[in-house]
Amino acid sequence: MNSEQRLRIIEEKLGATGMTINVWAKNAELDHRIVEDLIAGKLRGTHGIALNARKKMEEFFGPIFEP
């Protein structure tokens, strides 16, 4: 899944709740820059803080990082 598809899915889910990506990240206790980098594909989320952020994102948004 590319970054445009991920962003579309995220915007659809957040639109229903009235939140932005930054607000959701803050509520999930995540750094918004890491969340944005994961969405854009700049981080893989395979270890450390990025992995934890990826797991929280997948819990809320579904399997958005699947190929």
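Our subject is the structure that appears above.
These numbers come from a predicted model, not from an experiment. (Residues numbered from 1 in each chain as written. Predicted model: local features only at pLDDT ≥ 70, side-chain atom pairs only at ≥ 80, totals over all residues. Heavy atoms only, no water.)

Please set out the packing of helix α3 (residues 32-40) against helix α4 (residues 48-61) residue by residue, giving values where relevant.
Packed helix pairs are specified by the crossing angle of their axes together with the interaxial distance, meaning the distance between the axes. Where α3 meets α4, the closest approach of the two axes is 10 Å, and the angle between their N-to-C directions is 75 degrees. In terms of orientation, α3 and α4 fall into the roughly perpendicular class. Contacts from Ile 34, Val 35, Leu 38 and Ile 39 in α3 reach Ile 49, Ala 50, Ala 53, Arg 54 and Met 57 in α4. The residue inventory of the contact of α3 with α4, partitioned by class, reads eight nonpolar, no polar and one charged. (Axes fitted to C-alpha atoms, helices over the stretch in contact; angles between N-to-C directions. Helix = DSSP H or I, 4+ residues; strand = E, 2+ residues; numbered from the N terminus. Parallel < 35°, antiparallel > 145°, perpendicular 65-115°, else oblique. Contact = heavy atoms within 4.5 Å. Nonpolar A, V, L, I, M, F, W, Y, C, P; charged D, E, K, R; others polar.)

How would you sum up the environment of Ile 39? Please name residues and give values.
Tracing the chain through its elements places Ile 39 in helix α3. Ile 39 sits in the buried class, given a relative accessible area of 6%. Separated by 36 residues in sequence, Ile 39 and Ser 3 have C-alpha atoms that sit 5.7 Å apart. The residues contacting Ile 39, other than those within four sequence positions of it, are Ser 3, Arg 6, Leu 7, Ile 10, Ile 21 and Met 57. (Buried < 20%, exposed > 50% of the residue type's maximum accessible area, 1.4 Å probe, protein only.)

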